[in-house]
Amino acid sequence: MTTLIFAVGIIGTVLSLLVFASPITTFREVVKKKSTENYKVAPYIATFLCTSLWSFYGGLKPGGFLVAAVNGAGALFHCVYILLFLLYSPQHTKVKTAQYVGVVDVGFLAAVISVTVLGLDGTIQLTVLGMLCSGLTVVMYASPLLALKTVIKTKSVEYMPFLLSLFMFLNAGAWALYSLLVRDFYIGIPNFVGLILGLAQITVYLRYKEKVRAASEKGNMVSAMEMGAYGYECEEKPSKTNTNGYDGGAIKVAEKTLKKANSLPKPTLNREQTIERVLQKALSFGEYNDDHHHDDVYSIIQLINFRPRTVA
């Protein structure tokens, strides 16, 4: 049994570290863009408070070194994330973020530690801390649900990190099993709740991810059909522009349109109107030479002698 507890504890520790490290990719983009955009700071504030209190709980509980060590690492990770949030968040949210951090992660944490050390003794300390940590862990697991509003509103999963939801789901499962083995229900209850909430987050992510992918494929198909209908040809290199500034693709389309127009049946001419126009040209007093008059008179004779053929 001791070996199994140790193995599950190691698995839980590794998964917890993966949970704590998973936002690194998110904050790499934040640093690159120098903006937190629509990312939410609440999950990181809640997780920092939770891991700090679990570290305190593990330090007070006999045999709780593993709990204290892994949560201490988590508190360090989230301290860095919060500092990056304060540095790169938009100006209108920077002050509000600083206020939340000051109230929750500094004031509340200091108050809990002070009351526990100075006002409580023995098992009462572990009971109060265990209940408080359990409640905060449920909040930690539920905090990424705040991103669901953005996901549903924008129909995009861009601001809902998948790795964080996945590793939190796996982490909750590992620690739920660990709690059954060591019979610590303060650890078990919130992790069973986290298991359910993590599954819900993954389901929502996969659902909207498929919708976005389907919409993208449909849009590409429609664009391809439109390009085919208008006669565009796909080229690996961009079309060159001529000296007049017209795009080569547009010129090709114009040429094809002219060819189609030239292939249409020509309008028939009215015989009387044609004779009248030729007569006006022949009898006009413009500068025509004798050859032109000769040709015009010949055209008149040809029109007059024209007889439509009848179909037998």
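Residues numbered from 1 in each chain as written. Predicted model: local features only at pLDDT ≥ 70, side-chain atom pairs only at ≥ 80, totals over all residues. Heavy atoms only, no water.

- Where an unreviewed UniProt entry is consulted, the protein appears under the name Bidirectional sugar transporter SWEET, with the organism given as Arachis duranensis.
- The UniProt entry for the protein carries the following comment under Sequence similarities (unreviewed entry): "Belongs to the SWEET sugar transporter family." (UniProt positions renumbered as here; feature names shortened; annotations may be inferred.)

### Re the overall build of the protein
- Counting secondary structure elements, the protein contains 12 helices and zero strands.
- Helices and strands in the protein line up, N terminus first, as α-α-α-α-α-α-α-α-α-α-α-α.
- Relative to all contacts within the protein whose residues are 6 or more apart in sequence, the contacts with residues 24 or more apart total 72%.
- When the accessible surface of the protein is split by element, carbon and sulfur atoms take 66% of a total near 20500 Å². (Helix = DSSP H or I, 4+ residues; strand = E, 2+ residues; numbered from the N terminus. Contact = heavy atoms within 4.5 Å. Areas by Shrake-Rupley, 256 points an atom, 1.4 Å probe, with all protein chains shown as cover.)

### Here we look at a nonpolar patch on the surface
- On the surface, Phe6, Ile10, Val14 and Leu18 cluster together into a nonpolar patch covering about 360 Å² of accessible area.
- Along the chain, phenylalanine 6 turns up in helix H1 (residues 2-21).
- What makes phenylalanine 6 exposed here is its relative accessible area of 57%. (Patch = residues over 30% accessible without salt bridge, like charges linked within 9 Å, V, L, I, M, F, W, Y side chains within 5 Å. Salt bridge = Lys/Arg side-chain N within 4 Å of Asp/Glu carboxyl O. Buried < 20%, exposed > 50% of the residue type's maximum accessible area, 1.4 Å probe, protein only.)

### Brief notes about the UniProt feature "transmembrane region" (unreviewed entry) in the protein
- According to UniProt, the "transmembrane region" (unreviewed entry) feature falls on residues 6-27, 39-57, 63-88, 100-120, 126-148, 160-181 and 187-208.
- The span residues 63-88 is 92% helical and 0% strand by assignment, and the distance between its end C-alpha atoms comes to 40 Å.

### A closer look at the packing of helix H3 (residues 42-60) against helix H4 (residues 65-88)
- Relative orientation of the contacting elements H3 and H4 amounts to 155°, with a least axis distance of 7 Å. In this view, H3 runs roughly antiparallel relative to H4, as classed from their interaxial angle. In terms of crossing hand, the pair formed by H3 and H4 is left-handed. In this structure, H3 uses Tyr44, Ile45, Thr47, Phe48, Thr51, Ser52, Trp54, Ser55, Gly58 and Gly59 to contact H4, whose residues at the interface are Phe65, Val67, Ala68, Asn71, Gly72, Gly74, Ala75, His78, Cys79, Tyr81, Ile82 and Phe85.
- A breakdown of the residues in the contact of H3 with H4 according to their chemical character gives 12 nonpolar, 10 polar and no charged. (Axes fitted to C-alpha atoms, helices over the stretch in contact; angles between N-to-C directions. Parallel < 35°, antiparallel > 145°, perpendicular 65-115°, else oblique. Left-handed = near helix turned anticlockwise from the far one by under 90°. Nonpolar A, V, L, I, M, F, W, Y, C, P; charged D, E, K, R; others polar.)

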